[in-house]
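Coordinate inspection notes
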Amino acid sequence: MSYIEAHELAPWTEAEVQAHLAAGKLVEGLRHMSPKYLEGMRRILTVSADTELVSAPSYLLAAQHAPALNNFGSAMSIIQDELAHAHIGYRLLGDLGVDMDELIYERPAKQFKYPYAFDVPLNSWVELVCANALYDQAGFVLLSDVYQSSTFGPWKRALAKVDKEETFHLRHGRTWLKKLTKDPDGTAEVQRAVDWMFILTLEWFGLPDELKKHSEQLDYGFKGKTNDELRQAWMTAVVPFMDEIGIEVPAHYDAEAGSYVIDCPFPARFDEEKREWLLDGGPIGWDDVLARWRARGPMNQTYVRTLQRGYQTTSLRRAA
Ligand SMILES: [Fe+2]
Ligand SMILES: [Fe+2]
């Protein structure tokens, strides 16, 4: 979407939007937006909807390893929630003048905007429940912040439901991890998964604050916390739980600093085929991380193809 299109759709000036927000009012649609607000809201909604959408094929791949039919049922119910969350985001983008069919079904896989972590396959039931405990926790931290801070009314209200469902997903993960870590084999398998997934989730929160580009996300109250604050909030939830179940993670609480400290080189190089962090090489620059994200990872094409296949192989289209 070009700036000119945004300019035609969003009639307000920056000053009008700021005055509206300063009066404690929410933005309820295009009529309350400036082109800058619209561009920023489209960007954050696209990231959110893409993340929800791609979690479906990612979790589906792992769900086939469910130990029993009722466990498969739990996984399917989580996947169904994620598709509904994606639908909320895309539907709002439709209201903001975006062509939803093009966005969901015709966009090249590489242009999807979800976190790189989902490009790495989940190959077992243990990896699925670890993803619930780590990735869904990240989703919960991010969306709770949007829920509390967002100035876009329709999204804010929809997130009340999303928040509750994400709580169910991460509890599903935690319940399973508690059960699995009761015996040494289970603990070893969880540890192997957490070893690569923990650092991928740290990355999820993006560039550190001093390098962050999109400041309108905070200026406009799209979100309340900075990337580093969100990363801290995630560690505050995850690290004590991992300690409790005897799983080691490369982060600890520094009482003097009053915050969590990452104990390994970060960001670091990642071998996506072996799913291993090459920590001996020391930390790398965020430019290298951005290059890996931009190239996308091993499952990107497969997952997007799964999501787009039905649209491309039938003459039926979404009902008008
Ligand atoms: Fe979700
Ligand atoms: Fe979720």
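Residues numbered from 1 in each chain as written. Chains lettered and ligands numbered in written order. Predicted model: local features only at pLDDT ≥ 70, side-chain atom pairs only at ≥ 80, totals over all residues. Heavy atoms only, no water.

Attention now moves to the coordination of the iron ion (ligand 1). Here the iron ion (ligand 1) is held by E52 (OE), E82 (OE), H85 (ND1) and E166 (OE), and the distances to it run 1.8 to 2.2 Å. Around the iron ion (ligand 1) sit four donor atoms, and with donor-metal-donor angles ranging over 86 to 143 degrees the site reads as irregular. The sequence pattern describing where the donors of the iron ion (ligand 1) fall on their chain is E-x29-E-x2-H-x80-E. Distance-wise, the iron ion (ligand 2) is placed 3.4 Å from the iron ion (ligand 1), both being coordinated by E82. Of this pair, E52 sits in helix α3 (residues 35–63) while H85 sits in helix α4 (residues 69–95), and the two are 33 residues apart along the sequence. The buried category is assigned to E52, whose relative accessible area is 8%. (Donors = N, O, S within 2.8 Å, 3.2 Å for Na, K, Ca; no water. Tetrahedral: all angles 85-135°; square planar, octahedral: opposite > 155°, others 65-115°. Helix = DSSP H or I, 4+ residues; strand = E, 2+ residues; numbered from the N terminus. Buried < 20%, exposed > 50% of the residue type's maximum accessible area, 1.4 Å probe, protein only.)

This part covers the pattern of salt bridges. When the charged atoms of two side chains with opposite charge come close together, those side chains can pair. Tallying each qualifying case throughout the model produces nine salt bridges. A salt bridge links R231 to D228; the shortest N-O distance between them is 2.9 Å. One end of the pair is R231 and the other is D228, both in helix α10 (residues 227–244) and three residues apart, which spans about a single turn. Residue class for D228 comes out partly exposed when judged on its relative accessible area of 27%. (Salt bridge = Lys/Arg side-chain N within 4 Å of Asp/Glu carboxyl O.)

This part is about the nonpolar core. Core analysis: the largest hydrophobic core is formed by 100 residues, its most contacted members being Y135 and W155. Sorting elements by how many residues they give to this core places helix α6 (residues 125–149) first, with 13 residues. Excluding residues within four positions of it along the chain, W155 makes contact with M41, I44, L45, S48, I88, L92, L143, V146 and S150. (Core = buried A, V, L, I, M, F, W, Y, C linked by side-chain atoms within 4.5 Å. Contact = heavy atoms within 4.5 Å.)

Another point: the packing of α6 against helix α8 (residues 184–204). Viewed as axis vectors pointing N to C, α6 and α8 meet at an angle of 25 degrees, and their least axial separation amounts to 9 Å. With respect to α8, the element α6 is oriented roughly parallel. α8 is crossed by α6, and the crossing has right-handed handedness. Along its contact with α6, which presents V126, E127, C130, A131, L134, Y135, A138 and L142, the element α8 presents E189, V190, A193, V194, W196, M197, F198, L200, T201 and W204. Within the contact of α6 with α8, the residues separate by chemical class into 15 nonpolar, one polar and two charged. (Axes fitted to C-alpha atoms, helices over the stretch in contact; angles between N-to-C directions. Parallel < 35°, antiparallel > 145°, perpendicular 65-115°, else oblique. Left-handed = near helix turned anticlockwise from the far one by under 90°. Nonpolar A, V, L, I, M, F, W, Y, C, P; charged D, E, K, R; others polar.)

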